[in-house]
Amino acid sequence: MNEIPQNPNQNANQTPGQKKRRVEMTVRPTGPILPPSNIQGNALMVVIAIMAFLACLTLGGVSMVRATAAGWQSQISREITIQIKPEEGLDMGAALVKARDLALTFVGTRDGQIMDDGATARLLEPWLGTGLNLEDLPVPRLIVITIDETNPPDFDAMRALLNEEVPQAFLDDHRTWVDRLVQMARTTVLIGSGILILVFTAMVLTVVFATRGALSGNRHIIEVLHFVGAEGSFVAQEFQKHFLKISLKGAAVGAVLAASFFALASFWQSRSLATPESDQATALFGTFTIGWGGYLGIFATMIVIALLTTITARLTVMRTIYEIDLIRSDPARTDGLLDD
């Protein structure tokens, strides 16, 4: 058996203490198990974006209505009104000052302001027009008393004292309006919460079915991985990563669109103050500002949608692997499993 001759140059160039160099091995980078984008994944992303937009829009609307109702309630409960009806021989100016001073003697009152003729005329302009002469009309005059919300005065005692000292005075503490406003706010928030629950329920069902539909197109990948010996947890983890990316992209698009809607609406409202359109929108919906709490709620909704999609993908993969094992153990069950 002939020996292969060695290269003399190689032995000559090598020093005594030097080791032979080894050729470094390069590992080819592995590609993703699932394709980065396909028809099912793009459709699921669009569905998640739409449902995220609707859910975030409803959440922001509920937050906006709740904040507006709370502001109305605070403004109404912060003030009380004293009305003085005009009568013949009544010195209206003296009666207004006396009623205001009597109200300010009670603990819990902070300030009192007598509405002048100009302010009273402006209140009546929507119904009676401009250029009113209040002296020719039996219009009551008003006194606005600011109270301490945390320590309100004794309204019954104030009403009794005013009736005794100024019989033409009538105290309106707005408790009836406050009670009605509280009930309206609770009803509105309850309705909005119900709509939000319905939207979330529809979103859950849509995401579940869309995720399962997208996974059905990749069932052959699950079967191949499982047949070559991949563990169920490994396969589920790979699908989790894939659908987590899809859900985050779709939920982020929907959340950004909803946040942009509220930001643009708030910008439009701030730019169109004192216009009929802005006044009507403010009267119906209040300000379109949802605050940091609303934006945090939108962000939380995005995270919930992404987690929901990821959990759905994992459960669906594990169920698919379980069905594959059942088919391998008993091929007679194939028809029943495929029908499911």
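Above this text is the structure in question.
The structure contained in this document is the topic of the report that follows. Just so it is clear, the model here is predicted, and its values are computed rather than measured.

Calculation notes
Residues numbered from 1 in each chain as written. Predicted model: local features only at pLDDT ≥ 70, side-chain atom pairs only at ≥ 80, totals over all residues. Heavy atoms only, no water. Helix = DSSP H or I, 4+ residues; strand = E, 2+ residues; numbered from the N terminus. Buried < 20%, exposed > 50% of the residue type's maximum accessible area, 1.4 Å probe, protein only. Contact = heavy atoms within 4.5 Å. Patch = residues over 30% accessible without salt bridge, like charges linked within 9 Å, V, L, I, M, F, W, Y side chains within 5 Å. Areas by Shrake-Rupley, 256 points an atom, 1.4 Å probe, with all protein chains shown as cover. Salt bridge = Lys/Arg side-chain N within 4 Å of Asp/Glu carboxyl O. Pairing = 2+ DSSP bridges. Axes fitted to C-alpha atoms, helices over the stretch in contact; angles between N-to-C directions. Phe/Tyr/Trp six-rings, centres within 6.5 Å; stacked < 30°, edge-to-face > 60°.

1. Describing the overall build of the chain
Thought 1: Helix and strand content of the chain: eleven helices and four strands.
Thought 2: When the 340 residues of the chain are sorted by exposure, 34% land in the buried category.
Thought 3: Restricting the contact set of the chain to residue pairs at least 6 apart, pairs at least 24 apart contribute 80%.

2. Section: a nonpolar patch on the surface
Thought 1: Nonpolar side chains collect at one region of the surface, where Leu244, Leu248, Phe299, Ile303, Leu307, Ile311 and Leu315 lie side by side and expose about 630 Å² of accessible area between them.
Thought 2: Contributions of two or more residues to the nonpolar patch are made by α8 (232-271) and α10 (291-329).
Thought 3: Here the nonpolar patch takes five residues from α10, the largest share from any one element.
Thought 4: Along the chain, Leu307 falls in helix α10.
Thought 5: The class for Leu307 is partly exposed, based on a relative accessible area of 49%.

3. Structural notes on the sheet that holds strand β1 (residues 79-84)
Thought 1: Pairing is antiparallel in the open sheet, where four strands are placed in the order β2-β3-β1-β4. On the outer flanks of this sheet lie β2 (109-114) and β4 (169-172), each paired with one strand and no other. Averaged over all pairs of adjacent strands, the angle between their axes in this sheet comes to 20 degrees, without regard to strand direction.
Thought 2: Its contacts with the sheet put helix α3 (residues 92-104) on β1, β2 and β3 (141-147), and the angle it makes with β2 is roughly 170 degrees.
Thought 3: Of the strands in this sheet, β1, β2, β3 and β4 touch helix α5 (residues 155-165), which is tilted by about 170 degrees from β4.

4. Some thoughts on the packing of aromatic side chains
Thought 1: Summed over the entire model, instances satisfying the criterion amount to one aromatic pair.
Thought 2: Taking the centre distance of 5.5 Å and the plane angle of 75 degrees together, the rings of Phe261 and Phe262 count as edge-to-face.

5. As for the environment of His226
Thought 1: Assignment of secondary structure puts His226 in helix α7 (residues 219-227).
Thought 2: On the accessibility criterion, His226 (14% relative accessible area) is buried.
Thought 3: Taking the C-alpha atoms as reference points, His226 and Asp325, separated by 99 residues in sequence, lie 9.2 Å from one another.

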